[in-house]
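Remarks on the overall topology
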Amino acid sequence: MTSKRSVIVIGGGISGLAAAWQLRGRAEVTVLESEARVGGKLRTGTLAGVAVDEGAESLMALRPEAVDLAEAVGLGRALADPAPAPVTVWTRGALRPMPAGHVLGIPSDPEALAGTGLLSEQGLARLREEPSLPASPVTEDVAISTYLAERIGREAVDRLVEPLLGGVYAGSTDHLSLRSAMPGVAGIAGRGQPLLAALHGRPRPKGSFVRGVEGGTGRLPLAVARACGARILTGTTVRALERTASGGWRVQAATADGPLLLSADAVILAVPAFAAAALLGPHAPAAHSELSAIPYASTAVVTMAFARDRAGLGGLPSGNGFLVPPVDGHTVKAATFLSNKWGWQANAAPELFLLRASIGRNGEEHLLDRPDRHLVRTALNDLHRAVGAIGEPVAARVTRWDRGLPQYTVGHATRLARIRHDVAGLPGLEVCGAAYEGVGIAACVATGLAAAERVLDRAGVPG
Ligand SMILES: Cc1cc2nc3c(=O)[nH]c(=O)nc-3n(C[C@H](O)[C@H](O)[C@H](O)COP(=O)(O)OP(=O)(O)OC[C@H]3O[C@@H](n4cnc5c(N)ncnc54)[C@H](O)[C@@H]3O)c2cc1C
């Protein structure tokens, strides 16, 4: 009888759980999670009796991994499309819908912007020059703004691209890597093609870019944890890793009941870069220093419930929410009108209007050094200015995500290659998670699945 390989997955976020799911039936899996619950950045709580996502609230549907996983673990019927609505930017004193066809804020057709007020006349004129500018191949990785400002002008970067990237990465185009944060655009840049024409010619994906889960995306990790058959130990913080004499790994963890020692043939590190760096220090010095150098942005999500019958003079807002460019000087970086965006959330409490506002981009940690009630007031003030007097919330919650989003800064791909090279020298050890090849849920799921396959491949376990 051949016994199954044992694998310890450290980190019970969606990346680690996806790895555990991929290993089901092919390994004995234990997931160690420091928090009292699995899910990491996918967490659904309740506000005024209604389920609300406190972290991620939608699954990217342009790539299949997250939606496929949700379907595989029995959540297919719970997948929901958001109400159709354009991406809206609060800029130049008004809420201004973005015309369809943009790619992360880069418009493929400048004429579609005319009349939207998103750009000044000068900004629009500068954008219209793009097709006639010389385009030589960009062979090095550069900051997104370095490339884009030259092509489409600084104003278009500031007012169209920054708010989108602020929403996804909580990062700035002055630091984020073109190659890692906008790989499709980096491809166009690398080929030396004029940008707008290349974007204009790209096939447009059909259907919604994102999907939600009725009852909250926090249901996804719970369903994966249930379906993967792994032993899951929450409240278990891994402190150190050691090699065993037999070539496996020993894991030292701290729990409320005291220290815990576990051994396994293989370990998958599915924790944020700073946590992976600490654990890899004694074993992979190059990976340790590269992982330590990945910056993180901290953010806070302010979720509020308003009684519809007590809405302020401005009434309740329409649309799905808005994004805010830093150049406009407001504190809130995005707002999502949950009761408009998600039918399930409106149906759950027809008498309430739920919304959430996000505060904090990379480098704005000081904004979060305030008590919760100040953050709620700040968010309300910005909302009142953006959409009118909507009244006072009947309930509010602040969820802080300290070092919540990794920043793919210039050179990220090279950093990643060094990490992968160093880790490849450690048999039975793999890394996965948001720090590597995409921060979105689908990309995280993909890294978890791939890490699990590498563990099995390196052990010679057939697929
Ligand atoms: C506010 C916010 C909103 C977001 N919105 C969206 C969205 O709408 N759509 C989208 O696609 N993406 C979104 N994202 C990004 C996405 O949610 C995350 O990138 C993704 O969930 C990260 O998953 P992960 O498993 O890699 O990491 P995490 O979720 O960080 O999980 C890692 C886990 O490891 C545990 N851990 C850490 N150290 C240890 C240790 N030493 N021992 C044991 N356990 C440990 C942590 O407690 C955590 O549970 C959002 C992120 C944030 C912060």
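Here, the structure is the one placed above.
Residues numbered from 1 in each chain as written. Predicted model: local features only at pLDDT ≥ 70, side-chain atom pairs only at ≥ 80, totals over all residues. Heavy atoms only, no water.

**What about the overall build of the protein chain?**
- Helix and strand content of the protein chain: 16 helices and 20 strands.
- Taken against the 2.2 N^0.38 rule, which gives 23 Å for 463 residues, the C-alpha radius of gyration of the protein chain at 23 Å falls within 12% of a compact globule.
- If one aligns the C-alpha atoms of the protein chain with their principal axes, the spans along those axes are about 70 × 60 × 40 Å.
- Burial statistics for the protein chain: of 463 residues in total, 54% are counted as buried.
- Here the contacts in the protein chain between residues at least 6 apart in sequence split such that 70% fall between residues at least 24 apart.
- Computed over 46 positive and 42 negative side-chain charges, the inter-centroid distance for the protein chain is 3 Å. (Helix = DSSP H or I, 4+ residues; strand = E, 2+ residues; numbered from the N terminus. Rg over C-alpha atoms; globule rule 2.2 N^0.38 Å. Buried < 20%, exposed > 50% of the residue type's maximum accessible area, 1.4 Å probe, protein only. Contact = heavy atoms within 4.5 Å. Lys, Arg positive; Asp, Glu negative; His and termini not counted. Charge placed at Lys NZ, Arg CZ, Asp CG, Glu CD.)

**Overview of the layout of surface pockets**
- What the second largest pocket holds in volume is close to 210 Å³.
- Along the walls of the second largest pocket sit 13 residues, with Ser136, Val138, Tyr147, Glu150 and Arg151 positioned nearest its centre.
- When residues in the lining of the second largest pocket are grouped by element, the largest group, 4 residues, is from helix α4 (residues 144–152).
- Residue composition of the lining of the second largest pocket, grouped by class: 7 nonpolar, 4 polar and 2 charged. (1 Å grid on protein atoms, 1.4 Å probe; cavity = no way out; pocket = protein on both sides within 12 Å on 5 of 7 lines; lining within 4 Å. Points joined across faces, edges and corners; volume = space filled by probe spheres on them. Nonpolar A, V, L, I, M, F, W, Y, C, P; charged D, E, K, R; others polar.)

**Describing the packing of aromatic side chains**
- Across all of its chains, the model carries 5 aromatic pairs by this definition.
- A centroid spacing of 5.6 Å and a plane angle of 75° characterise the contact between Trp90 and Phe322, whose relative ring orientation is edge-to-face. Note that Trp90 is positioned in strand β7 (residues 88–91) and Phe322 in strand β16 (residues 321–323), a separation of 232 residues in sequence.
- Given the relative accessible area of 3%, Trp90 is considered buried.
- Residue Phe322 is classed as buried on the basis of its relative accessible area of 3%.
- Centroid distance Phe322 to Phe337: 6.0 Å. Interplanar angle 70°. Geometry classified as edge-to-face. With Phe322 in strand β16 and Phe337 in the loop between β17 (332–336) and α12 (338–341), the pair connects residues that are 15 residues apart, well separated along the chain.
- Cluster of aromatic residues (ring-pair linked, three or more members): Trp90, Phe322, Phe337 and Phe353. (Phe/Tyr/Trp six-rings, centres within 6.5 Å; stacked < 30°, edge-to-face > 60°.)

**Some words on the side chain of Thr91**
- Position of Thr91 among the secondary structure elements: in strand β7.
- Judged by relative accessible area, Thr91 falls into the buried class, the value being 0%.
- If sequence neighbours within four positions are ignored, Thr91 has contacts with Arg96, Leu118, Arg159, Pro325 and Asp328.

**Structural notes on the sheet that holds strand β6 (residues 79–80)**
- Pairing in this open sheet of 3 strands is antiparallel, and the strands run β5-β9-β6 from one edge to the other. Looking at which strands have only one partner, the edges of the open sheet turn out to be β5 (59–60) and β6.
- Both β5 and strand β9 (residues 210–213) contribute to a ladder of 2 bridges, which runs antiparallel. Bridge pairing links Leu59 to Arg211 in β9. (Pairing = 2+ DSSP bridges.)

**Some thoughts on the site of the ligand**
- Taken together, the neighbourhood of the ligand is formed by 35 residues, with Ser15, Glu33, Lys41, Ser58 and Val439 sitting nearest.
- For the ligand, an oxygen atom lies 2.5 Å from a polar atom in the side chain of Lys41.
- In the model, a nitrogen atom of the ligand is placed 3.0 Å from a nitrogen or oxygen of the Val238 main chain.
- Broken down by secondary-structure element, the contributors of at least two residues to the shell around the ligand are α1 (14–23), β11 (236–243), β15 (296–307), β19 (395–406) and α16 (441–458).
- A breakdown of the residues in the shell around the ligand according to their chemical character gives 17 nonpolar, 14 polar and 4 charged. (Near = heavy atom within 4 Å. Polar contact = N/O pair within 3.5 Å; in protein donor to acceptor, adjacent residues only side chain to side chain.)

**Digging into the side chain of Glu57**
- Position of Glu57 among the secondary structure elements: in the loop between β4 (50–53) and β5.
- Side chain to side chain, Glu57 and Lys341 meet in a polar contact 2.9 Å long.
- Discounting chain neighbours no more than four positions away, the residues touching Glu57 are Gly212, Thr217, Thr336, Leu338, Lys341, Trp342 and Arg356.

**Quick notes on the packing of helix α11 (residues 285–292) against helix α15 (residues 412–424)**
- Between α11 and α15, the shortest axis-to-axis distance is 8 Å and the interhelical angle comes to 150°. By the angle class used here, α11 and α15 are roughly antiparallel. Crossing angle aside, the handedness with which α11 passes α15 is left-handed. Across from Pro285, Ala286, Ala287, Glu290 and Leu291 in α11, the residues of α15 making contact are Arg415, Arg418, Ile419, Asp422 and Val423.
- Residues belonging to the contact of α11 with α15 are distributed by class as follows: 6 nonpolar, no polar and 4 charged. (Axes fitted to C-alpha atoms, helices over the stretch in contact; angles between N-to-C directions. Parallel < 35°, antiparallel > 145°, perpendicular 65-115°, else oblique. Left-handed = near helix turned anticlockwise from the far one by under 90°.)

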